[in-house]
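The primary structure of each chain is shown beneath.
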Amino acid sequence: MTQAVEVVHASGGAGHAAGHGGDDHTSHTATGINHRKLAMWLFLASDCMFFGSLIATYMIYRGRAEEVFREGAGTGPFPSQLIDIPFTSVSAFVLLMSSLTMVLALAALQKNNLRGSRIWLAATSLLGATFLGGQYFEFTEFYHEGLSLQTNMFGATFFTLTGFHGLHVAIGVIWLLTLLYVSLRGGLKQKDAMSLEVAGLYWHFVDIVWIIIFTLVYLVPYEEMGTEGLEEGGEHGMRLIEFGRNALGTFF
Amino acid sequence: MASIAQPHVQSHQATAQPVVHTQRSGLWDWLTTIDHKKIGILYGVTAILFLMIGGLEAMLIRTQLVSADNTLIGPNTYNALFTMHGTTMIFLGVMPLSVAFWNYIMVLQIGARDVAFPRLNAFSYWLFLFGGIVLNMSWFFGVNEVPNQGWYGYAPLTEEAWSPTRAVDFWILSLQILGVASMLGAFNFIVTILNMRAPGMSLMRMPMFTWTTLITSILIIMAFPAITIALVFLMMDRWVGTGFYAPAAGGDPLLWQHLFWVFGHPEVYILILPAFGIVSEIVPTFSRKPLFGYSVMVYATAAIAFLGFGVWAHHMFTTGLGPTANSVFSATTMTIAIPTGVKIFNWLGTMTFGQIKFTTPMLFAVGMISQFTIGGISGVMHAVVPLDAHHNDSYFVIAHFHYVLFGGSLFGLIAGIYYWYPKVTGRVMNESFGKWNFWIMFTGFNLTFFPMHFLGLQGMPRRYYSYGEGSGWEFWNVVVSFGGFLLGFSMLMLLFNIGQSLRTGKRVGANPWDAPTLEWATTSPPPVYNFREIPQVANRDPLWAEKYGTDHENEDSEVGISIGGRELGTAGVPDDKDKETLRLQHAAEEDAGHGIHMPNPSYYPLVAALGMFLLAVGMLIDFPTLIALGPVDFSIVAVLGLITLIGGIFGWSFEPASD
Ligand code: HEM
Ligand SMILES: [Cu+2]
């Protein structure tokens with residue numbers, strides 16, 4: 001009969017000590033995938049269900065505001081009067097570019113180019129923040145046109161879905177800025193590349209989700225409503241210029 | 001059976017020789033612990049506490065229903081009681097009790113020293129505790145503030161117009177916190193299982209309980225988002241004035257039902273699969289042969305989980321989805337019965353020709369199999385759409401889900417308590433008392449819930465606080481209430497046995513039941529670091545392979561029988577404190593003070609969870625607000641909570657995991 005657990009003192013790795021939480025010795029995991037990276041993949045799978053529930057709800061209620069209005073109950077504004085595809089395309093482009101800079105930041109860090117990693121990290125945060133600025137502008141703009149969460153089903157579903165995505169971007173920006181801060185204090189070296197890689201996974205995911213939202217919420221056409229249901233007609237176009245004015249107004 | 005010379009469980013050699021943190025057990029230690037075993041104990045104790053609260057609520061329900069036209073409990077209180085009973089039992093009783101075993105036992109089963117993210121694990125526990133407190137806190141604000149809309153909270157009843165008090169808000173925030181706790185826990189367990197298995201433990205060598213932990217955790221991370229979003233919509237409807245579920249605004253109350261049941265049906269598998277796992281450990285151990293059809297069992301479990309996402313609308317047959325949808329969901333629901341039936345036959349196959357020892361854990365396990373089967377059969381009956389129209393909202397449904405939730409989940413979990421108690425405490429629970437416990441619980445259970453089938457078919461609706469004289473329901477209600485009190489008494493017996501055996505239970509060694517899985521390879525209770533040397537696994541049932549030879553590897557039926565011949569000792573409790581165990585214990589003691597590197601305790605998980613708690617409290621209870629800071633009417637306590645939460649998370653991120 002042999003022993004259940006043989007007690008042998010010999011050399012070898014004690015890789016299974018607990019507290020894997022912080023370390024990145026991938027060779028010690030049974031799958032070869034780092035703990036945090038695996039956890040992030042799982043989180044993203046779960047996040048798909050979060051966005052899936054929200055997007056499904058959006059699609060179920062798409063056109064509902066117009067329908068209710070036709071039945072003589074609700075009010076505008078409606079998506080066809082508000083959605084500004086050129087403007088949002090620009091901010092979508094900004095967000096997509098931030099994925100590129102994110103890749104560059106990670107590549108730089110993996111090559112031990114600390115300066116490069118900081119620059120690209122800063123660029124990524126900046127692009128993310130720019131996207132958020134665009135969303136802030138868009139939200140206030142829609143709000144001034146009379147759309148709020150309570151106005152109609154479009155208001156409720158639009159702000160909830162894009163707001164939930166915006167929250168993801170905001171958390172991402174905070175995360176990236178934290179990493180930048182750590183990096184500037186010398187805490188993000190080549191050996192810590194996993195920290196950046198995990199943040200990167202999250203960041204790319206948030207970008208990809210935006211492509212889906214952009215398509216379903218902005219690109220797929222809505223019922224044309226003219227100026228029906230608007231309080232005082234509403235002005236359109238020139239939003240980017242107004243954005244500049246608004247932004248200046250916010251800061252000064 | 002010949003034993004084999006070659007060692008099947010070998011050591012995984014270790015070099016590390018730094019400090020072991022000494023095991024203290026003061027209050028501070030419990031508050032800052034990140035040891036999966038202690039967290040497991042915390043989960044277990046808290047869950048049992050909530051089970052008792054939920055049980056007390058059930059006793060009050062049955063007292064009210066004992067006679068016709070009873071006026072003991074009014075309608076409002078009654079609504080609060082069944083809502084709190086259901087919510088408590090599901091989210092604060094059965095789920096966390098399963099998590100207790102995942103923490104304590106599953107980690108040992110895969111030969112690991114802790115979970116992948118020990119501090120996250122502590123955070124999950126504290127969130128669970130605070131989520132339970134938020135729910136039950138409502139009792140202090142008067143009965144109209146206690147959640148009273150039923151455990152699945154259908155809209156539009158939950159909308160502000162129909163539920164103007166904070167009752168529903170307590171329920172929403174508590175479920176949100178509990179959801180976060182469950183999901184974080186699930187991420188942690190999946191990573192732990194995939195990444196931290198002992199060398200040699202391939203997926204198909206994992207114990208069944210570990211398998212069910214893995215699959216249940218996947219269900220949690222995929223199902224909880226739906227209810228989280230459903231609750232977010234509800235919060236916005238109530239607090240912001242959106243109309244997600246309000247027909248007047250163009251919203252649709254059925255959206256709630258869809259989102260809820262997309263979560264809700266997988267949730268019932270979240271409740272039952274851990275019990276399946278436990279039974280799959282106990283039945284082989286006491287039949288003295290390996291699990292029959294292990295791989296089929298694994299696939300069946302995965303199939304149940306997968307199909308579980310495609311059946312949700314069987315909860316909505318009576319809402320008018322139309323014949324096509326009803327037929328499709330009826331068919332998918334019946335399909336699920338196939339893998340479930342496969343599991344039942346696997347357990348029966350394991351017992352067939354086994355040398356069955358009816359110890360208390362085995363009694364509960366077999367009880368579980370039989371009672372779950374009854375619940376499963378009435379479940380297939382609901383899958384028949386026209387039949388369901390009659391069952392819906394009647395006591396027939398109550399009978400059905402208590403057979404699966406109590407007779408299935410809870411019997412399985414209690415079997416687990418009796419089975420693993422010696423691992424946790426180093427003592428077995430009193431066996432003869434345990435058998436009394438089982439038979440009284442079994443009798444009480446069937447007296448309570450079997451007659452509910454009759455009541456349901458006679459038309460007694462669920463969630464009614466009273467019924468009239470001459471309804472014809474009087475007799476069976478007396479029987480049910482009597483059975484209920486007997487059942488309540490048997491729960492107290494369980495509690496008593498757990499407490500009493502801590503002092504008087506017979507002391508046992510590492511592997512008192514002569515079980516095959518790794519948790520039995522280390523001492524009872526295990527040292528902080530679990531295994532002095534990480535075991536090397538070459539078999540599905542490593543401790544049996546090592547002791548009796550490997551002939552039964554991948555050969556599920558016969559071999560186990562001849563293993564036996566081994567007397568299990570009096571009262572079915574063998575004491576296996578053999579040389580090997582003693583040697584292990586020695587090794588562990590010798591090792592204390594030098595050897596294995598364990599992570600530091602941390603108070604940040606508690607701080608962060610406390611922040612979440614304050615945030616919820618601030619949203620629920622009127623405190624001075626921050627109007628001074630602008631138009632935002634936000635409670636000071638909530639803001640403090642948010643700051644504490646964020647501070648806790650940052651503190652934790654920058655804290656070194658170990659030194
Ligand atoms: C002590 C034993 C128990 C008794 C006597 C009991 C009794 C009852 C009764 C009579 C009801 C129906 C109330 C009504 O519709 O008017 C009920 C509802 C319910 N019970 Fe139990 N129960 C027990 C244990 C459990 C356990 C262990 C679970 C879950 C694991 C559970 C889960 C539920 C749920 C989910 C509901 C539905 C609540 C609702 O309608 O919203 N019960 N119970
Ligand atoms: Cu279901």
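Computed from a prediction, not measured in an experiment: that's the story for all the values here. (Residues numbered from 1 in each chain as written. Chains lettered and ligands numbered in written order. Predicted model: local features only at pLDDT ≥ 70, side-chain atom pairs only at ≥ 80, totals over all residues. Heavy atoms only, no water.)

From N to C terminus, chain A includes eight helices and zero strands. Scanning chain A from its N terminus toward the C terminus, one meets helices and strands in the order α-α-α-α-α-α-α-α. A buried classification covers 47% of the 252 residues belonging to chain A. Carbon and sulfur atoms make up 66% of the accessible area of chain A, which amounts to about 11500 Å² in all. (Helix = DSSP H or I, 4+ residues; strand = E, 2+ residues; numbered from the N terminus. Buried < 20%, exposed > 50% of the residue type's maximum accessible area, 1.4 Å probe, protein only. Areas by Shrake-Rupley, 256 points an atom, 1.4 Å probe, with all protein chains shown as cover.)

When you go through chain B residue by residue, the secondary structure sums to 19 helices and two strands. Expressed as a percentage of the 659 residues in chain B, the buried residues total 63%. Of the contacts made within chain B by residues no fewer than 6 positions apart, 83% connect residues no fewer than 24 positions apart. Carbon and sulfur atoms form 70% of the exposed surface of chain B, whose accessible area is close to 22700 Å². (Contact = heavy atoms within 4.5 Å.)

The next point concerns the coordination of the copper ion (ligand 2). All names here are of chain B. All of the protein donors around the copper ion (ligand 2) are His265 (ND1), His314 (NE2) and His315 (NE2); their distances to the metal are 1.7 to 2.0 Å. In the primary structure, the donors to the copper ion (ligand 2) are separated according to the pattern H-x48-H-H. Of this pair, His265 sits in helix H7 (residues 253-287) while His314 sits in the loop between helix H8 (294-307) and helix H9 (323-351); the two residues are 49 residues apart in sequence, bridging distant segments of the chain. Pair check on accessibility: His265 and His314 agree, each one buried. (Donors = N, O, S within 2.8 Å, 3.2 Å for Na, K, Ca; no water.)

On to a nonpolar patch on the surface. A cluster of nonpolar side chains, A:Ile174, A:Tyr181, B:Leu642, B:Ile646, B:Phe650 and B:Phe654, forms an exposed patch at the surface whose accessible area comes to about 560 Å². Contributions of two or more residues to the nonpolar patch are made by helix H6 (153-184) of chain A together with helix H19 (636-654) of chain B. At four residues, H19(B) tops the list of elements feeding residues into the nonpolar patch. Mapped onto the secondary structure, B:Leu642 falls in helix H19. For B:Leu642, a relative accessible area of 36% corresponds to the partly exposed category. (Patch = residues over 30% accessible without salt bridge, like charges linked within 9 Å, V, L, I, M, F, W, Y side chains within 5 Å. Salt bridge = Lys/Arg side-chain N within 4 Å of Asp/Glu carboxyl O.)

All names here are of chain B. His85 (NE2) and His402 (NE2) make up the full set of protein donors to the iron atom of ligand 1, lying at 2.0 Å. Take His85: its relative accessible area is 14%, and that puts it in the buried class. On the accessibility criterion, His402 (15% relative accessible area) is buried.

Moving on: the site of ligand 1. All names here are of chain B. Neighbouring ligand 1 are 25 residues; Tyr78, His85, Trp151, His402 and Arg463 lie closest to it. A distance of 2.7 Å separates an oxygen atom of ligand 1 from a polar backbone atom of Arg463. Counting residues per element, the ones that place at least two in the shell around ligand 1 are helix H2 (36-64), helix H3 (75-109), helix H12 (395-425) and helix H13 (431-457). Tallied by class, the residues present in the shell around ligand 1 amount to 18 nonpolar, four polar and three charged. (Near = heavy atom within 4 Å. Polar contact = N/O pair within 3.5 Å; in protein donor to acceptor, adjacent residues only side chain to side chain. Nonpolar A, V, L, I, M, F, W, Y, C, P; charged D, E, K, R; others polar.)

With 29 residues, H2(B) ought to run about 42 Å at 1.5 Å a step, and its terminal C-alpha atoms sit 42 Å apart, in line with that. The opening residue of H2(B) is B:Asp35, an N-cap whose side-chain oxygen sits 2.9 Å from the backbone nitrogen of B:Lys37. (Expected span 1.5 Å × (residues − 1).)

Residue and element names in this part refer to chain A. Taken N-terminus to C-terminus, the directions of helix H4 (residues 85-110) and helix H7 (residues 193-219) make an angle of 165°; their axes are 10 Å apart at the nearest point. One element, H4, and the other, H7, form an angle in the roughly antiparallel class. Judged by the twist between their axes, the crossing of H4 over H7 is left-handed. (Axes fitted to C-alpha atoms, helices over the stretch in contact; angles between N-to-C directions. Parallel < 35°, antiparallel > 145°, perpendicular 65-115°, else oblique. Left-handed = near helix turned anticlockwise from the far one by under 90°.)

Counted under the stated rule, the structure contains 76 aromatic pairs over all chains. Judged by centre distance (5.2 Å) and plane angle (35°), the ring pair of A:Phe142 and A:Phe158 falls under tilted. Residue A:Phe142 is located in helix H5 (residues 114-144), and its partner A:Phe158 is located in helix H6; the two are separated by 16 residues in the primary sequence. Both residues of the pair, A:Phe142 and A:Phe158, count as buried. Seen from their ring centres, B:Tyr419 and B:Trp513 are 6.3 Å apart, and the 20° between their planes marks the pair as stacked. Here B:Trp513 lies in the loop between helix H14 (474-504) and strand S2 (534-536) and B:Tyr419 lies in helix H12, a separation of 94 residues in the sequence. In terms of burial, B:Tyr419 and B:Trp513 fall into one category: buried. Directly above the aromatic system of B:Phe141 lies the positively charged group of B:Arg166, at a separation of 5.0 Å from the ring centroid. (Phe/Tyr/Trp six-rings, centres within 6.5 Å; stacked < 30°, edge-to-face > 60°. Lys NZ or Arg CZ within 6 Å of the ring centre and 35° of its normal.)

What follows concerns the side chain of B:Thr83. Relative to the helices and strands, B:Thr83 is located in helix H3. In this structure, B:Thr83 is in contact with B:Pro147, B:Asn148, B:Gln149, B:Gly150 and B:Trp151, ignoring residues within four places of it in sequence.

What follows covers the confidence of the model for chain A. In this model, chain A carries an average pLDDT of 85, and 81% of its residues clear a pLDDT of 70 or more. Across residues 1-27 of chain A, confidence stays below pLDDT 50; counting only partners more than four residues off in sequence or on other chains, it has 82 contacts. (pLDDT = per-residue confidence, 0-100.)

A few words now on the pattern of salt bridges. Taken as a whole and assessed by the stated rule, the structure comprises 14 salt bridges over all chains. The closest approach of N and O atoms between A:Lys37 and A:Glu197, which form a salt bridge, is 2.7 Å. Of the two residues, A:Lys37 sits in helix H1 (residues 35-61) while A:Glu197 sits in helix H7, which places them 160 residues apart along the sequence. By relative accessible area, which is 22% here, A:Lys37 ends up partly exposed. The partner of B:Asp35 in a salt bridge is B:Lys37, and the shortest N-O contact between them spans 3.2 Å. For the pair formed by B:Asp35 and B:Lys37, the shared burial category is buried. Where salt bridges share partners, they join A:Arg70, A:Glu223 and A:Glu228 into one cluster.

It is worth spelling out the packing of H3(B) against helix H5 (residues 167-195) of chain B at this point. Residues and elements named next belong to chain B. Relative orientation of the contacting elements H3 and H5 amounts to 20°, with a least axis distance of 12 Å. With respect to their mutual orientation, H3 and H5 come out roughly parallel. Remark: the crossing between H3 and H5 carries left-handed chirality. The residues of H5 that touch H3, namely those facing Thr87, Phe91, Leu92, Met95, Val99, Trp102, Asn103 and Met106, are Trp171, Leu175, Leu178, Ser182, Phe189 and Ile193. Its residues assigned to classes, the contact of H3 with H5 shows eleven nonpolar, three polar and no charged.

Residue and element names in this part refer to chain B. The share of residues in chain B with pLDDT of 70 or more is 88%, and the mean pLDDT across the chain is 89. Here residues 1-22 is modelled with pLDDT under 50, and outside its nearest four sequence neighbours on either side it reaches 83 contacts, counting other chains as well. Low confidence marks residues 552-579, where pLDDT is under 50. Its contacts with residues over four positions away, or in another chain, come to 64 contacts. Overall fold confidence (pTM) sits at 0.88, and the ipTM for the predicted complex is 0.88.

Note the cis peptide between B:Ala155 and B:Pro156, where omega equals 0°. Its place among the elements puts B:Pro156 in the loop between helix H4 (118-137) and H5. Each neighbour pair has its own omega, and for B:Ser524 with B:Pro525 the value is -10°, a cis peptide bond. As for its placement among the helices and strands, B:Pro525 is situated in the loop between H14 and S2. Phi is positive for A:Asn112, close to 65°, though the residue is something other than glycine. Relative to the elements of secondary structure, A:Asn112 occurs in the loop between H4 and H5. Of note in this structure, B:Arg463 is not a glycine but carries a positive phi near 65°. With respect to the helices and strands, B:Arg463 occurs in the loop between H13 and H14. Looking at B:Arg463, the relative accessible area reads 23%, which means it is partly exposed.

Our next topic: H8(B). Residue and element names in this part refer to chain B. For H8, spanning 14 residues, the distance from its first C-alpha to its last is 20 Å, which sits close to the expected 20 Å at 1.5 Å a residue. Taken together, the buried positions of H8 are occupied by Tyr294, Met297, Val298, Ala300, Thr301, Ile304 and Ala305. All buried residues of H8 project into a common sector of 165° when viewed along the axis, lining one side. Exposed residues pointing more than 90 degrees away from the buried face of H8 are listed as Tyr299 and Phe306. In the core, the buried residues of H8 are packed alongside helix H6 (208-239), H7 and H9. (Arc of directions from axis to C-beta.)

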